[in-house]
Amino acid sequence: MNFAYDEDQRLLKETTRRFLEERHPLAALRPNLETDTTLDRAVWRDGAQLGWTAMLAPAENDGGSVSEQPIVDLIALAEELGRVLYPGPFLPANVVADTLARGGDEAQRKDWLAPLVRGERIAAWCATGDGTADASAIAVTATPAEGGMRLDGRARWVHDAHAADFLLVACRAPQGETLALVPLPASGVGVRVLKGLDLTRRFCEVTFSGVQVSSDALLGAPGSAAPALARMGSLASVIQAGEAVGAMEKLFELTVQHAKDRVQFGRAIGSFQAIKHRLADLWIELEGARAAAHYAALALADELSDREQAVATAGCYVREAASQLAGESLQIHGGVGFTWEYDVHLFLRRAKADQVLYGDPSWHAERLCRLLEADVKEA
Amino acid sequence: MDVRVPEVPASYDDYRRRVREFVEAHKPALRMKEKAGLRVPDDPEDVSKLRAWVRALNDAGFASPAHSETKLDPHQTRILNEELGKAGVPVVLGNPLVGGAIKLFGTEQQKAFYLPRIASGEHIWTQLFSEPAAGSDLASLQTRGRLDGDAYVVDGQKVWSTWAQFSDYGYLLARTEEKAGPAGITAFILDMKSPGVTTRPLREITGTTDFNEVFLDEVRIPVENVIGQPGQGWAVTTASLAQERGGVGSRGAEDSIAGLVRIARATKRAGRPAIEDGAVRQTIARFAARSRIQRALGYRVATKAAAKELGPADAPLTKIWFSELNLQINEYALSLQGPNGALAEGDPLAWQDGKFQDAFLYARAWTIAGGSNEIMRNLIAERGLGLPREARG
């Protein structure tokens, strides 16, 4: 029985924490809260050197993981990135890397995956037309055309598309769901940065009108992408859960500290049971979220038989717990929590955005219920 | 990370077969019905049968691994737990937590005499901690012991003692020195047959009598029956209570969740099976998620325990998670049954003869006993998170 990070994973976390403290602490976000981009490419490139994009890629494409469970390595990293609300495309980069590593041919892995792993090229992931997790919401059509396909339609909630060097696009071909690679800039591709509630990251709407894709930029045969799409959704949910747990952990530390420092009625407010019990409950939710995220990562890494249930569990629980913890933390901070200057609202905004991206809690709960029904036989 | 349990090798098939055959041959037929929680028979005949059963298990080397001294390998432990779990009758009688206290603080004579007899089921124990005026604030207990020659003379009243009506010994806390707070409390081994001990079964909201009141009137307890040092009972207690809290809820609530799915399939809402109702599906899934997390929290605790890294907030976390989920699942099970949810045991229309109604009522034992969940939240906040203590009288 070992349900904890191993030595190497702990070292990875420490190294990452030190790097982020120096290069991208929470305060580094401040000047960019209302600008068009929050991505510092130099930090991203150096992060890639530390393994941020390497875990799910094979060694021949410059990848490599810390342990035999690369997805667990990944959420160890995600927690650290979450603690500082790191804005960059950690989630989509790894989803795209995993998809290329598993489904790309040798040339695609060499041309697209390796530069992504090295941090030289940034990938964006165009999943669906409305940001939900349903494959039925894919809103890009792929029409057979001379030498390949032509893409038309749109994708929304595409993380850092405005800074991307290429796109991995889920689209619907006559044969079914298909994945296509689009280098940027490309004729017919439009990118608009969405104005979001979350001030720490930038999401985009990407439009396609008559975008030409050659056959060698398709991943696998047209119509064969359904299993890859399911995997991408699971992976996204698990990485997001890891980032969320890191953010919860940091915000909770700030809130406990506030409860110890803030004096009212001549006592630290953390001595009052109304505050104390609320903090105890938030800690329970944090530990529950952590256990859910870790188990989902482990189940996916080891392909355990209950991995879908594990992902759906993290998918509905962590999203709600993170949002709950952020809201309660603001309440415990009182008036200062309501100021622009304090960081609490950045955590709250992040948590609320995460709650609805890559499948909202009720979407994951419905999935869990379907799996449960299949598991429960009549008595 | 790895939480997989290794497959039991085929070479253990014979061991499993022997356990199974033993259980089939010796399992007592009881009048008491299988119910949620730590339940105690009403019928003394059931107790005699259970004593014989536990003794037989012990003699055969099949005693419950959690409270036995028998050396088993991990596969045997697992097989034994699985097969005894399936038996559906108690395999541990009384409250065996005193074993932890005696192991940590007992004299060599106490260890040699009591531990094997706890393991063999020969001695049934009860816990004599709570009092009518000392629940959450246990240190305010009023039972007094004064030294008189080679014995303490003890007076007082205890409550919430499981199995006391059938117990041979009691694990007793009494104040022996007039000091404030936890200091001055002494832990005793009380022979329940001593003159001056009166046990009165206490009927609870479930309609069953799973607890007792115990009255102590000029009861003489020999000084050699003190556990640890006089006046240091609090340290003894803290160790065994932590054990009690950590033990609950280390697996998920899969069985109850499956029960909800079955109820939802069988009952109708607006003419359609409840399981097709989106609100029902969402609720059941949220419980299933928390049940799965409960299991993962069990892995977390086991990992920390193995590394000797358990903190003061860990057992309270498990206890709160388990007891509140259990309560909410059973509350929901009743509402999911519609008007039939208001039926109870004995009515032919009651779902599974009122199983969920009983579990719903009993669920409050878990949220209150072993330190109420409010006390657990204080422990998390003060000892886990380092928040300042609240003013206490």
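Please refer to the structure higher up on the page.
Only a predicted model underlies this, so the values are computations on that prediction, with no experimental measurement involved. (Residues numbered from 1 in each chain as written. Chains lettered and ligands numbered in written order. Predicted model: local features only at pLDDT ≥ 70, side-chain atom pairs only at ≥ 80, totals over all residues.)

Quick notes on the overall build of chain B
Part 1: The helix and strand inventory of chain B stands at 11 helices and 10 strands.
Part 2: Over its C-alpha atoms, taken along the principal directions, chain B stretches across nearly 75 × 55 × 50 Å.
Part 3: Here chain B holds 393 residues, and the buried ones make up 43% of them.
Part 4: Long-range contacts, defined as pairs at least 24 residues apart, comprise 70% of the intrachain contacts of chain B with a sequence gap of at least 6. (Helix = DSSP H or I, 4+ residues; strand = E, 2+ residues; numbered from the N terminus. Buried ≥ 20, exposed ≤ 12 C-beta atoms within 10 Å, placed from the backbone. Contact = placed C-beta atoms within 7 Å.)

Comments concerning the pairing of strand E5 (residues 176-183) of chain A
All names here are of chain A.
Part 1: Counting buried positions along E5 gives six out of eight residues, so the element sits mostly inside the fold.
Part 2: In the sheet, strand E4 (residues 166-173) pairs with E5 via eight bridges, with the strands oriented antiparallel. By the bridge assignment, Cys171 is partnered in E5 with Thr178.
Part 3: Linkage of E4 to E5, two consecutive antiparallel strands, is achieved through a turn of two residues.
Part 4: With two bridges joining them, E5 and strand E8 (residues 218-219) adopt antiparallel strand pairing. Its bridge partner being in E8, Ala180 is matched across the sheet by Leu218. (Pairing = 2+ DSSP bridges.)

A word on the interface of chain B and chain A
Part 1: Listed by partner, the interface residues are 37 residues for chain B and 40 residues for chain A.
Part 2: Within the residue set of the side of chain B that touches chain A, elements represented by two or more residues are helix H7 (254-266), helix H8 (278-306), helix H9 (314-336) and helix H11 (373-384) of chain B.
Part 3: Sort the elements by how many residues they give to the side of chain B that touches chain A and H8(B) lands first, with 16 residues.
Part 4: Here the side of chain B that touches chain A is built from residues that sort into 24 nonpolar, four polar and nine charged. (Nonpolar A, V, L, I, M, F, W, Y, C, P; charged D, E, K, R; others polar.)

A few points about helix H4 (residues 90-103) of chain A
All names here are of chain A.
Part 1: Given a rise of 1.5 Å per residue, 14 residues ought to cover 20 Å, and the 20 Å separating the end C-alpha atoms of H4 matches this to within 8%.
Part 2: Taken across its 14 residues, H4 has 11 buried, putting it largely inside the fold.
Part 3: Residues of H4 that are buried: Phe90, Leu91, Pro92, Ala93, Asn94, Val95, Val96, Ala97, Asp98, Thr99 and Leu100. (Expected span 1.5 Å × (residues − 1).)

Digging into the environment of A:Leu151
Residue and element names in this part refer to chain A.
Part 1: Of note, Leu151 is situated in strand E3 (residues 148-159).
Part 2: Judged by C-beta crowding, with 29 C-beta atoms within 10 Å, Leu151 ranks as buried.
Part 3: Not counting residues up to four positions away in its chain, the partners in contact with Leu151 are Val140, Ala142, Val169, Cys171, Ala180, Phe208, Val211 and Val213.

A few points about the packing of helix H7 (residues 273-301) of chain A against H8(B)
A pair of packed helices can be characterised by two numbers: the angle between their axes and the separation between those axes.
Part 1: Put simply, H7(A) and H8(B) touch, their axes get as near as 9 Å, and they point 90 degrees apart. Here H7(A) is positioned roughly perpendicular relative to H8(B), judged by the angle of their axes. In contact with A:Glu287, A:Gly288, A:Ala291, A:Ala292 and A:Tyr295 of H7(A), H8(B) contributes B:Ile293, B:Ala296, B:Leu297 and B:Arg300.
Part 2: For the contact of H7(A) with H8(B), the per-class residue count stands at six nonpolar, one polar and two charged. (Axes fitted to C-alpha atoms, helices over the stretch in contact; angles between N-to-C directions. Parallel < 35°, antiparallel > 145°, perpendicular 65-115°, else oblique.)

Section: the nonpolar core
Part 1: Formed by 182 residues in total, the largest nonpolar core has its most connected members in A:Cys126, A:Ala180, A:Val238, A:Ala292 and A:Ala296.
Part 2: The element contributing the most residues to this core is H7(A), with 17 residues.
Part 3: Apart from the residues within four sequence positions on either side, A:Ala292 is in contact with A:Ala241, A:Thr313, A:Ala314, A:Tyr317, A:Val318, B:Ile293 and B:Ala296.
Part 4: With 52 residues, the next largest nonpolar core counts B:Val91, B:Ala119, B:Val197 and B:Ile221 among its residues. (Core = buried A, V, L, I, M, F, W, Y, C linked by C-beta atoms within 7 Å.)

A few points about helix H2 (residues 41-49) of chain A
Residues and elements named next belong to chain A.
Part 1: All buried positions along H2 are accounted for by Trp44, Gly47 and Ala48. Projected onto a plane normal to the axis of H2, the buried residues spread over an arc of 100 degrees and lie on a single side. Looking at H2, the residues exposed on the side facing more than 90 degrees away from the buried face are Ala42 and Gln49.
Part 2: Buried residues along H2 sit against helix H5 (106-117).
Part 3: With its phi angle positive at about 105 degrees, Gly51 sits one or two positions after the end of H2. (Arc of directions from axis to C-beta.)

Examining the environment of B:Met32
Residue and element names in this part refer to chain B.
Part 1: Tracing the sequence through the fold places Met32 in the loop between helix H1 (13-26) and helix H2 (44-59).
Part 2: For Met32, a count of 16 C-beta atoms within 10 Å gives the class partly exposed.
Part 3: As a C-alpha pair, Met32 and Asp42 span 10 residues in sequence and 7.3 Å in three-dimensional space.
Part 4: With sequence-adjacent residues up to four places away left out, Met32 is seen in contact with Arg39, Pro41, Asp42, Asp43 and Asp46.

Take it as geometry only, folks, not as evidence of what the structure does.
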